[in-house]
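Next come the chains, spelled out residue by residue.
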Amino acid sequence: MAPSERWDPERLPSQAGRTAVVTGANAGLGFFTSLQLARAGARVVLACRDEKRAANARAAIRRAVTGAQVDVVRLDTADLSSVREAAGELSRLDRLDVLITNAGAVHPPRGRTVTADGLELVGATNHFGHFALVGGVLDVLERTPGARVVTLGSIATRLVRLDVDDLQLERRYTGWRAYAQSKIMAWSFGLELDRRLRASGRGTRALVAHPGYSITGRTPIVRGVNEPGVGQRFVDNLQASFTQGKDRGAWPTVRAAIDPAADGGESFGPRYLVKGAPVRETPAGVVRDRATAAAIWAESERATGAPLLPLSPH
Ligand SMILES: NC(=O)c1ccc[n+]([C@@H]2O[C@H](COP(=O)([O-])OP(=O)(O)OC[C@H]3O[C@@H](n4cnc5c(N)ncnc54)[C@H](OP(=O)(O)O)[C@@H]3O)[C@@H](O)[C@H]2O)c1
């Protein structure tokens, strides 16, 4: 095995002295990502929309990891004023080594729903809010040597055709399309972000990770955070051959965030697409396409009113 492929997700390099921010950290993958980073010694900031759920997650991490440094910042990614406030608060951190844009609406509404900012809800939650957040914390990332942004993709990116002229889904909405399209935008954004960071001479790097197919009933029970009933565990365990728990689903994200051998522009996912150890992978063509990335970027700037890393004219 080449040295760059060696990675044990259960023996992480020490993250003492480093700070990670994880959005949507109170449940699911975001919680386990935060827990694993805290276990490795990182200070973790849980960026969550609900105070009570965030407090439960913070308490659970502190129960599991003696001396864990865990803070909470309020963030609703579907509300640009909340994103601006959170970015302001995070900008005051001494350092920001890793920003993980994990929060996601994974059960989209059946009908198209619009946020207070006039954006399609699923796209706003999963991508546009994160686009604005990255712009808002770029300075503190840049102040931190070796800083990384990790965005969350999905295998859904391989399963739909993107309509680049309908990124707000005004013409053709289904919940599935909204979710898959939001993940195409997120993955494409991660790769384009890395290109633009490099082009502008910045030191921050961007990577992408996806968790395969990670489900609640196959995930360890954590009081106040993950408490699936017996029925759900039974049904979810029937799908064991093609699913994994969210604790394992967090592995590719954690690897993208802290593997010293990982580089900006790379993507990580489970070895067997839906489950398995975290490995490098080649993303779907749609998220590698530069023209698509430019269109998504332009719409993200328009939608958020927050220009980010303009390309200098050649
Ligand atoms: N599970 C999978 O198999 C899978 C596959 C591919 C990609 N992913 C991606 O992985 C990420 C996490 O998924 P998951 O399975 O862990 O889902 P999950 O268990 O439903 O957790 C989603 C997290 O995002 C938060 N969130 C949702 N809307 C938010 C908002 N407007 N502002 C702030 N936080 C918000 C939730 O907070 P609340 O508790 O307040 O709702 C929760 O903490 C998502 O980006 C998803 O697209 C998951």
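Shown above is the structure to which this text applies.
About the criteria used
- Every chain's residues receive numbers from 1 upward, in the order its sequence appears when written.
- Side-chain atom pairs in this predicted model are given and counted only at pLDDT of 80 or more, local residue features only at pLDDT of at least 70, and totals for whole chains, interfaces and linings cover all residues.
- Only hydrogens and water are removed before side-chain values are computed, so all heavy atoms of the structure are retained for them.
- Under the DSSP-based scheme used, a helix requires at least four consecutive residues in state H or I and a strand at least two consecutive residues in state E, with every element numbered from the N terminus.
- Using C-alpha atoms as the atom set, the radius of gyration is obtained and then compared with a globule rule of 2.2 Å times the number of residues to the power 0.38.
- Three labels apply to residues, based on accessible area from a 1.4 Å probe with only protein chains included: buried if under 20% of the type maximum, exposed if over 50%, partly exposed otherwise in between.
- In this text, near means that some heavy atom of the residue lies within 4 Å of the molecule or strand in question.
- Counted as a polar contact is a pair of N or O atoms within 3.5 Å, where, for protein atoms, one must be capable of donating a hydrogen and the other of accepting one, and residues adjacent in sequence contribute only when both atoms are in side chains.
- For the area figures, the Shrake-Rupley method with a 1.4 Å probe applies, and any residue is considered shielded solely by the protein chains shown.
- Residues are sorted three ways: Asp, Glu, Lys and Arg are charged, Ala, Val, Leu, Ile, Met, Phe, Trp, Tyr, Cys and Pro are nonpolar, and all the rest, Gly among them, are polar.
- In the sections that follow, a salt bridge refers to a side-chain nitrogen of Lys or Arg positioned within 4 Å of a carboxyl oxygen of Asp or Glu.

*Asks:* Can you break down the overall build of the protein residue by residue, with the values?
*Replies:* Within the protein, the regular secondary structure consists of 10 helices and 8 strands. The C-alpha radius of gyration computed for the protein amounts to 18 Å, which stays within 12% of the reference 20 Å derived for 314 residues, consistent with globular compactness. Expressed as lengths along the three principal axes of its C-alpha atoms, the size of the protein is roughly 50 × 45 × 40 Å. Counting the 314 residues in the protein, one finds 55% classified as buried.

*Asks:* Account for the site of the ligand, with residues named and values stated.
*Replies:* If you check the shell around the ligand, you find 26 residues, and the closest are Asn 26, Arg 49, Arg 53, Asn 102 and Tyr 179. Between Leu 29 and the ligand, the recorded distance is 2.8 Å, taken from a backbone N or O atom to an oxygen atom. Between an oxygen atom of the ligand and a side-chain N or O atom of Lys 183, the distance comes to 2.9 Å. Relative to its unbound accessible area of 890 Å², the ligand is 89% covered by the protein chains. Secondary structure elements with two or more residues in the shell around the ligand: helix 1 (28-39) and helix 5 (175-199). By residue class, the composition of the shell around the ligand is 10 nonpolar, 11 polar and 5 charged.

*Asks:* I'd love a proper account of the pattern of salt bridges, names of residues and values included.
*Replies:* Taken as a whole and assessed by the stated rule, the structure comprises 13 salt bridges. Salt-bridge contacts for Arg 18 lead to Asp 97; the nearest nitrogen and oxygen are separated by 3.5 Å. A residue pair is termed long-range when its members are at least 10 positions apart, and Arg 18 in the segment before strand 1 (19-23) and Asp 97 in the loop between helix 3 (80-91) and strand 4 (98-101) qualify at 79 residues. Classification of Asp 97 by relative accessible area gives buried; the value is 0%. A salt bridge links Arg 198 to Asp 194; the shortest N-O distance between them is 2.7 Å. In this pair, Arg 198 and Asp 194 are both assigned in helix 5, 4 residues apart and thus about one turn of the helix distant.

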